[in-house]
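Take a look at the letters that make up each chain.
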Protein chains: 4
Amino acid sequence: MAKLYFRYSAMNAGKSTAMLQVAHNYEEQGQMVRLFTAVIDNRYGVGKVTSRLGPQRETEVFDANTDFLQVVDKKIACLLVDEAQFLSKEQVKQLHQLAQVRGVPVITYGLRSDFRGEPFPGSSYLLALADDIEEIKNICSCGKKATMNIRVDDNGKRIKDGEQISIGGNESYRQACGRCFYSEIH
Amino acid sequence: MAKLYFRYSAMNAGKSTAMLQVAHNYEEQGQMVRLFTAVIDNRYGVGKVTSRLGPQRETEVFDANTDFLQVVDKKIACLLVDEAQFLSKEQVKQLHQLAQVRGVPVITYGLRSDFRGEPFPGSSYLLALADDIEEIKNICSCGKKATMNIRVDDNGKRIKDGEQISIGGNESYRQACGRCFYSEIH
Amino acid sequence: MAKLYFRYSAMNAGKSTAMLQVAHNYEEQGQMVRLFTAVIDNRYGVGKVTSRLGPQRETEVFDANTDFLQVVDKKIACLLVDEAQFLSKEQVKQLHQLAQVRGVPVITYGLRSDFRGEPFPGSSYLLALADDIEEIKNICSCGKKATMNIRVDDNGKRIKDGEQISIGGNESYRQACGRCFYSEIH
Amino acid sequence: MAKLYFRYSAMNAGKSTAMLQVAHNYEEQGQMVRLFTAVIDNRYGVGKVTSRLGPQRETEVFDANTDFLQVVDKKIACLLVDEAQFLSKEQVKQLHQLAQVRGVPVITYGLRSDFRGEPFPGSSYLLALADDIEEIKNICSCGKKATMNIRVDDNGKRIKDGEQISIGGNESYRQACGRCFYSEIH
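Owing to the predicted nature of the structure, the values given are computational and were not obtained by experimental measurement.

Observations regarding the overall build of chain A
Logical step 1: The helix and strand inventory of chain A stands at five helices and eleven strands.
Logical step 2: Taking 186 residues into account, the globule formula puts the C-alpha radius of gyration at 16 Å, and chain A, at 17 Å, falls close to it.
Logical step 3: When the 186 residues of chain A are sorted by exposure, 60% land in the buried category.
Logical step 4: Pairs at least 24 residues apart make up 72% of the contacts formed inside chain A by residues separated by at least 6 positions.

Next comes the structure, spelled out in structure tokens:
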């Protein structure tokens, strides 16, 4: 009865920390896990999961061509996937089948929606299919729970339009509650 | 700090019962709620929410043209929406703003994915934006937790292809776990 | 991998409705369940679970002498227990073993704390041992989430002292949020 | 609408890591938090919270005489308490009032039950009163979810009897699922 888990949050909540802790917990028991992150995530270098608390470790990477049903051998205790919002529909279905048909627990971590409030494709399918959905909470600068993400330019000014994934720009992101997200002040 | 809630489940879990109970709880306190269901749901007649335990009550209906920001007066304690998988993207954003900007708690009930394992549009946006996501659990005929839905024809034979919403056919639906959903036996 | 579930709430949230729905869901699949409630609960007559929405059904009863490991045959799909705050420590351990050792899913419904804010004995052990803890939400008259219970006499005046269980009195109970519970106004 | 949170787990799940991450999240927003741990916890030295991933930081400590209503100034964004199973009943009520009456969010982390399956006093009251209960999951050596704790002597042999808190002994603890907890093999 293995499950597909999706642990979502807004930016900066501690998804990578949580994933490193789960890997540690399994390995402390002598059990083998495999960790993946998206090739697209080059904040800290390809193939690395980094906690803002300090710890980091190298991981395998997935890109649009990765077939998890091929890549994952059955003899692991758990498959961990960071930046799961970048998975394709087919990859989410592979992960769902890994858990439900082959019995490999799969825990994925990712954002739900982009800076426009639009779902990421990977997250849409994870939210639709995951056997267990859990929020990793974070706070907005106003003190309320953050559920949304805001894109800002290098002057700190909010950007409301553009492509879902910005390559090579100077944009950055921060979390916000729904009220601040819809506010014209920001 | 009102919230947008999405309480999802597979078929036949008791979503309508849960919604009638919440309405009862508010009204017992002397507080006013408004209930909506989708016009498309004519299982029991347009504008009716029916618990399989027996209780039912008439509701307002929404269709593709409903603008909840116009329709909902601020002076209610809670807005309840059944068959929320049929909401449009714009309607989910209206409900999110009703909760986050205007302070009206909104509780929505619906399915996550259709008989092909594809997300419903309304559910994709509810899962991406809701402040609180909660599962109403049900069981598969095999005893595992049901998370998926299966379409069967009037001979009880499973149908795997077709339109998301079947109008005027004799199809029916039942819940299934992931393992049974992917099984070729069914 | 059967589990012991504890679904708790304050007064009047819909615990009995939820339990009747789960029984219905199992039976609709042709699976057998057994329902118990406490002998002490004579609100609606001994051995009856009644939803405030209308539906009710007769149940078996437990008292201080019930040994669930003796009473429950392995061949049921699920054991459902209402008014679970009245279970003894030993009975909660029996239910935990039924789930974890014998593989019978056990779902219990009950209050957490009494009108003084003191835990019920059964709930203390359920909260300590249950594999899955889930809240059935209700609202306070002020609109916040209710988590506490208040005892009132037949003039509607709040009573703050007395025995945990009042036999034969005219007291009644209503739910409250923490803020109203601690308020001197009530 | 501040809340009292109780985030519980069995041994070694990552409670301290989670608490350090939350503190980091608040401080990254420029908001002030205060961290406490029990004086009794001298695994790593009094007044220190240590993640098994590496990070650690000094904290304030509480003992049986700490009155949180006196100690905690209103002008903090969040109060964080580790080893919360060692709180007294009165201290839990203080924390509940801090959240519900004074509006200070309080997040507590702790174990639910000891090596005999008995609730810790602090946890009994946290589980009875917390506005939000959340599990931090861990796995048993058998691969199932761990919910219980086992005491072992310095030869690794399981100890089933004794005081709840062992001072100066060589005992250690590990997490277990319910099935392994009740097994005679261990």
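Re the UniProt feature "binding site: ATP" (unreviewed entry) in chain A
Residues and elements named next belong to chain A.
Logical step 1: UniProt annotation of "binding site: ATP" (unreviewed entry) refers to Ser9, Ala10, Met11, Asn12, Ala13, Gly14, Lys15, Ser16, Asp82, Glu83, Ala84 and Gln85 when read in the numbering used here.
Logical step 2: Among residues more than four places away in sequence, those in contact with Lys15 are Arg7, Ser9, Ala10, Asp82, Tyr109, Gly110, Leu111 and Ile136.
Logical step 3: Side-chain polar atoms of Lys15 contact the side chain of Ser9, separated by 3.0 Å.
Logical step 4: Turning to its location among the elements, Asp82 is positioned in the loop between β6 (78-81) and α3 (89-100).
Logical step 5: Other than its neighbours up to four places away in sequence, Asp82 contacts Lys15, Ser16, Met19, Phe36, Thr37, Ala38, Val49, Phe62 and Tyr109.
Logical step 6: Side-chain polar atoms of Asp82 contact the side chain of Ser16, separated by 2.9 Å.

Thoughts on the UniProt feature "active site" (unreviewed entry) in chain A
Residue and element names in this part refer to chain A.
Logical step 1: Mapped onto this structure's residue numbering, the UniProt feature "active site" (unreviewed entry) falls at Glu83.
Logical step 2: Within the secondary structure, Glu83 is located in the loop between β6 and α3.
Logical step 3: For Glu83, a relative accessible area of 10% corresponds to the buried category.
Logical step 4: At 2.9 Å, the side chain of Glu83 forms a polar contact with the side chain of Gln85.

Points about the relation of the copies chain A and chain B
Logical step 1: Each copy of the sequence occupies a distinct position, and chain A is placed on chain B by a rotation of 180° and an axial shift of 0.0 Å, giving an RMSD of 0.0 Å. Such a combination of turn and shift is consistent with a two-fold rotation axis. When C-alpha positions in chain A are compared against the rotation axis, the closest is assigned to Ser124(A), at 2.8 Å.
Logical step 2: A share of 100% of interface residues in chain A that are also interface residues in chain B marks the association as one of identical surfaces.

Focus: the pattern of salt bridges
Logical step 1: Following the criterion strictly, the structure yields 40 salt bridges over all chains and no others.
Logical step 2: Of the charged contacts in the structure, one is a salt bridge between Glu27(B) and Arg57(B), with a shortest N-O distance of 3.0 Å. A residue pair is termed long-range when its members are at least 10 positions apart, and Glu27(B) in helix α1 (residues 15-28) and Arg57(B) in strand β4 (residues 56-58) qualify at 30 residues.
Logical step 3: Across the pair Lys137(C) and Asp132(B) runs a salt bridge, and its minimum N-O distance is 3.7 Å. Of this pair, Lys137(C) sits in the loop between β8 (132-135) and β9 (148-152) while Asp132(B) sits in strand β8 (residues 132-135), which puts the two residues in different chains.
Logical step 4: Ionic contacts of the salt-bridge type, sharing partners, join the residues Arg7(A), Asp132(A), Glu134(A) and Lys137(D) into one network.

Details of the sheet that holds strand β10 (residues 158-159) of chain D
All names here are of chain D.
Logical step 1: The strand order across the open sheet formed by three strands is β10-β9-β11, and the pairing between neighbours is antiparallel. Looking at strand neighbours, the two that pair on one side only are β10 and β11 (172-176), the edges of this open sheet.
Logical step 2: As judged from the five bridges shared by strand β9 (residues 148-152) and β11, these two strands associate in the antiparallel manner. Residue pairing in the sheet places Ile150 in a bridge with Arg174 of β11.

A look at unusual backbone geometry
Keep in mind that most residues, glycine aside, have a negative phi and that most peptide bonds are trans.
Logical step 1: Of note in the backbone geometry, Asn12(A) takes a positive phi value of approximately 65° without being a glycine.
Logical step 2: The backbone phi angle of Glu83(A) is positive, close to 55°, even though this residue is not glycine.

Thoughts on the interface of chain A and chain B
Logical step 1: Contact residues are listed per partner, giving 30 residues for chain A and 31 residues for chain B.
Logical step 2: Buried area between chain A and chain B, both sides added, is near 2700 Å², and the carbon and sulfur share of it is 49%.
Logical step 3: At the boundary of chain A with chain B, the tally comes to four salt bridges.
Logical step 4: In this structure, Lys93(A) engages Glu118(B) in a salt bridge whose closest nitrogen and oxygen atoms are separated by 3.4 Å.
Logical step 5: At the surface where chain A touches chain B, the tally comes to 26 residue pairs in polar contact (both at pLDDT 80 or more).
Logical step 6: Secondary-structure elements contributing two or more residues to the side of chain A that touches chain B are α3, α4 (121-129), β8 (132-135) and α5 (178-182) of chain A.

Some remarks on the packing of α3(A) against α4(A)
Axis angle and axis distance: for two packed helices, these are the angle between their axes and the distance between the axes, and together they describe the pair.
Residue and element names in this part refer to chain A.
Logical step 1: Following both chains from N to C, one finds α3 and α4 inclined at 30°, their axes separated by 8 Å at the closest point. Classed by the angle they form, the pair α3 and α4 counts as roughly parallel. Between α3 and α4 lies a crossing whose hand is right-handed. Between α3 and α4, the contacting residues are Lys89, Val92, Lys93 and His96 on the first element and Gly122, Tyr125, Leu126 and Leu129 on the second.
Logical step 2: Partitioned by chemical class, the residues of the contact of α3 with α4 number four nonpolar, two polar and two charged.

A word on the sheet that holds strand β11 (residues 172-176) of chain B
Logical step 1: Read across the sheet, three strands follow the order β10-β9-β11 (chain B) without closing on themselves; strand pairing throughout is antiparallel. Looking along the sheet, the strands with just one partner apiece sit at the ends: β10 (158-159) and β11 of chain B.

Digging into the packing of aromatic side chains
Logical step 1: Per the stated rule, a full pass over the model turns up 20 aromatic pairs over all chains.
Logical step 2: With centroids separated by 5.4 Å and ring planes inclined at 85°, the aromatic side chains of Phe181(A) and Tyr182(A) adopt a geometry described as edge-to-face. This pair shows no difference in class: Phe181(A) is buried, exactly as Tyr182(A) is.
Logical step 3: Lying over the aromatic face of Phe181(C), Arg158(C) brings its terminal NZ or CZ to 4.9 Å of the ring centre.

Considerations on the environment of Ala130(A)
Logical step 1: Its location among the elements puts Ala130(A) in the loop between α4 and β8.
Logical step 2: Sequence separation of Ala130(A) and Thr108(A) is 22 residues, and the distance between their C-alpha atoms is 9.4 Å.
Logical step 3: Setting aside residues no more than four positions away along its own chain, Ala130(A) makes contact with Leu4(A), Tyr5(A), Phe6(A), Tyr125(A) and Arg112(B).

Notes on helix α4 (residues 121-129) of chain C
Since one α-helical turn is 3.6 residues long, residues separated by three or four positions face the same way.
Logical step 1: Counting buried residues along α4(C), eight of its nine residues qualify, which places the element largely inside the surrounding structure.
Logical step 2: Every buried residue belonging to α4(C) is among Gly122(C), Ser123(C), Ser124(C), Tyr125(C), Leu126(C), Leu127(C), Ala128(C) and Leu129(C), and all of these are buried.

Some points on the side chain of Gln175(C)
Logical step 1: Among the structural elements, Gln175(C) can be located in strand β11 (residues 172-176).
Logical step 2: Of note is the side chain of Gln175(C), whose polar atom sits 3.1 Å from the side chain of Asn12(C).
Logical step 3: Non-local contacts of Gln175(C), meaning those with residues more than four positions away in its chain, are made with Gln29(B), Ala10(C), Met11(C), Asn12(C), Asn138(C), Ile139(C), Ala146(C), Met148(C) and Asn149(C).

Regarding the pairing of strand β1 (residues 4-8) of chain D
Side-chain positions along a regular strand alternate between the two faces of the sheet.
Residues and elements named next belong to chain D.
Logical step 1: Counting buried positions along β1 gives five out of five residues, so the element sits mostly inside the fold.
Logical step 2: Going residue by residue along β1, you find Leu4, Phe6 and Tyr8 tucked away on one face and Tyr5 and Arg7 tucked away on the opposite face as well.
Logical step 3: The sheet contact formed by β1 and strand β7 (residues 106-110) spans five bridges and is parallel. Residue pairing for β7: Leu4 is matched across the bridge by Val106.

So, how was this worked out
- Residues numbered from 1 in each chain as written.
- Chains lettered and ligands numbered in written order.
- Predicted model: local features only at pLDDT ≥ 70, side-chain atom pairs only at ≥ 80, totals over all residues.
- Heavy atoms only, no water.
- Helix = DSSP H or I, 4+ residues; strand = E, 2+ residues; numbered from the N terminus.
- Rg over C-alpha atoms; globule rule 2.2 N^0.38 Å.
- Buried < 20%, exposed > 50% of the residue type's maximum accessible area, 1.4 Å probe, protein only.
- Contact = heavy atoms within 4.5 Å.
- UniProt positions renumbered as here; feature names shortened; annotations may be inferred.
- Polar contact = N/O pair within 3.5 Å; in protein donor to acceptor, adjacent residues only side chain to side chain.
- Least-squares fit on C-alpha atoms with pLDDT ≥ 70 in both.
- Salt bridge = Lys/Arg side-chain N within 4 Å of Asp/Glu carboxyl O.
- Pairing = 2+ DSSP bridges.
- Buried area = accessible area lost by both parts, 1.4 Å probe.
- Axes fitted to C-alpha atoms, helices over the stretch in contact; angles between N-to-C directions.
- Parallel < 35°, antiparallel > 145°, perpendicular 65-115°, else oblique.
- Left-handed = near helix turned anticlockwise from the far one by under 90°.
- Nonpolar A, V, L, I, M, F, W, Y, C, P; charged D, E, K, R; others polar.
- Phe/Tyr/Trp six-rings, centres within 6.5 Å; stacked < 30°, edge-to-face > 60°.
- Lys NZ or Arg CZ within 6 Å of the ring centre and 35° of its normal.

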